[in-house]
Amino acid sequence: MIILHIALLKNDPFSGVCNVVPQYLQVQSRLGHTVALYNCWGIEVEPHVNQIPNDGPFDIDKMPEPFNHPDLVVFQECYRKEFLAIGKQLEHKGIPYVIVPHGELRKEAQQTKHLKKVAANILLFNRFTDKALALQCLSQQEYDSTHFGRKKFIATNGTAVPANRKENFNKDSMKMVFVGRLDAHVKGLDLLIEAVSKCMDVFKENNVTLDIYGPDYAGRYANVERLIETFKVGEVVTLHHEVTGEDKEKVLLASDVFVQTSRHEGMPMGILEALAYGMPCLVTRGTNLGEKVSDNNCGWMAENDADSIAECLRRVIAERDSFEERSSNARNFIEENFSWDVVIGDALKQYSELISK
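In what follows, the accompanying structure is described. (Residues numbered from 1 in each chain as written. Predicted model: local features only at pLDDT ≥ 70, side-chain atom pairs only at ≥ 80, totals over all residues. Heavy atoms only, no water.)

### Quick notes on the pairing of strand S8 (residues 174-179)
Judged by how many residues are buried, S8 sits mostly within the fold: five of six residues are covered. The sheet contact formed by S8 and strand S9 (residues 208-213) spans six bridges and is parallel. Within S9, the position partnered with methionine 176 by the bridge is leucine 210. In this sheet, strand S11 (residues 257-260) lies alongside S8 in parallel orientation, the contact comprising two bridges. Paired with valine 177 across the strands is phenylalanine 258, a residue of S11. (Buried < 20%, exposed > 50% of the residue type's maximum accessible area, 1.4 Å probe, protein only. Helix = DSSP H or I, 4+ residues; strand = E, 2+ residues; numbered from the N terminus. Pairing = 2+ DSSP bridges.)

Quick look at the structure:
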């Protein structure tokens with residue numbers, strides 16, 4: 001199959017889209033397909049993939065062979081004005097395309113800047129989604145709460161299974177950790193910090209701490225600092241700037257439990273990565289992984305409110321003897337369900353079926 005991916009990417013280690021798209025291309029190529037990336041921003045992405053130079057306005061006829069007549073074009077994200085003209089070109093040429101909205105079209109995401117999105121949908125993007133062969137949702141929850149386009153299917157993200165894994169857990173203390181974007185609303189950091197304030201007693205009694213790592217962007221770092229101060233949890237919660245690469249791996253492996261309390265997600269790469277290291281995870285239903293984490297005994301699921309998260313934090317502390325079992329389950333769960341070869345193989349099968357129909 002000849003597949004052309006179109007995206008707007010930069011080398012941002014905290015952007016899920018920027019991280020997963022090169023992985024899509026690498027694995028699809030390894031599985032024997034002819035794939036390339038056209039990055040509308042013209043930035044050379046890392047890790048290296050077959051990337052078509054961006055030296056002018058997009059013109060499908062001027063793409064190098066065989067990408068001037070691909071079997072399928074895959075748009076990574078939806079709300080990109082650059083995609084609209086490209087979509088019209090493909091429609092005119094009869095070239096099918098799929099949109100991977102990465103959670104942008106979920107009902108919950110539509111509530112943010114609601115009126116602006118309603119206007120943009122009516123004026124610009126409804127045609128783009130309606131003319132797509134299908135929308136690729138990353139989870140059942142995203143599928144159920146996405147009400148755009150004429151057809152949808154589920155093909156999720158994956159993660160690499162690292163050589164290193166969690167081997168030992170702290171005995172006389174407990175380190176919880178979150179690593180990701182400091183978007184307090186979407187990532188539910190306000191809920192998490194409030195929940196910690198509700199169980200400060202058990203945190204102190206059991207020498208439990210929570211470390212939060214993320215980049216400073218658009219005032220988000222200062223906002224999380226204010227939340228820590230407002231809820232008076234600075235004694236047990238520490239905010240850090242971002243960590244990446246080997247430093248991130250060291251932070252994860254030195255911690256005992258990964259925590260992410262998002263209100264809504266597409267498919268959260270941070271949780272998949274933590275599970276791949278064999279870390280038990282405390283997650284909310286809004287992450288789209290809560291039920292899977294709970295059903296496979298990889299961790300604990302809370303609802304998206306501070307009281308439920310506080311109750312779950314207490315459970316984690318009380319059930320520390322289960323960490324090793326949950327760690328083993330987490331690693332196996334990723335290998336069987338979310339390794340890149342597994343998820344990309346499934347996506348390619350569904351692409352072929354869509355094209356054949």
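That covers the picture; the talk isn't over yet.
### What to know about the side chain of threonine 261
Its place among the elements puts threonine 261 in the loop between S11 and helix H10 (269-276). Polar contacts involving the side chain of threonine 261 include one to the main-chain carbonyl oxygen of lysine 187, which spans 3.5 Å. A distance of 2.9 Å separates a polar side-chain atom of threonine 261 from the backbone oxygen of glycine 188. Among all residues touching threonine 261, those that are not within four sequence positions of it are Lys187, Gly188, Leu189, Leu192, Leu282, Thr284, Asn304 and Ile309. (Polar contact = N/O pair within 3.5 Å; in protein donor to acceptor, adjacent residues only side chain to side chain. Contact = heavy atoms within 4.5 Å.)

### Digging into the packing of H10 against helix H13 (residues 323-337)
Contact geometry for H10 and H13: axes closest at 7 Å, N-to-C directions at 115°. Contact residues: Leu272, Leu275 and Ala276 in H10; Ala330, Arg331, Phe333 and Ile334 in H13. Grouping the amino acids of the contact of H10 with H13 by side-chain chemistry returns six nonpolar, no polar and one charged. (Axes fitted to C-alpha atoms, helices over the stretch in contact; angles between N-to-C directions. Nonpolar A, V, L, I, M, F, W, Y, C, P; charged D, E, K, R; others polar.)

### What to know about the nonpolar core
Core analysis: the largest hydrophobic core is formed by 55 residues, its most contacted members being Phe258 and Leu275. If we skip the residues at most four places from it in the chain, leucine 275 touches Cys281, Val293, Cys298, Ala330, Arg331, Phe333 and Ile334. In terms of nonpolar packing, the next biggest core, distinct from the first, is built from 39 residues, Phe169, Ala195, Leu227 and Val257 among them. (Core = buried A, V, L, I, M, F, W, Y, C linked by side-chain atoms within 4.5 Å.)

### Observations regarding the state of the cysteines
One covalent bond between the sulfur atoms of two cysteine residues makes up a disulfide. Within this structure, the stated rule accounts for zero disulfides. Here cysteine 78 is not disulfide-linked; the sulfur of cysteine 137 is the nearest cysteine sulfur, at 11 Å. On the basis of relative accessible area, cysteine 78 is assigned to the buried category, the value being 1%. Here cysteine 137 falls in the buried class, since its relative accessible area comes to 0%. (Disulfide = S-S within 2.5 Å.)

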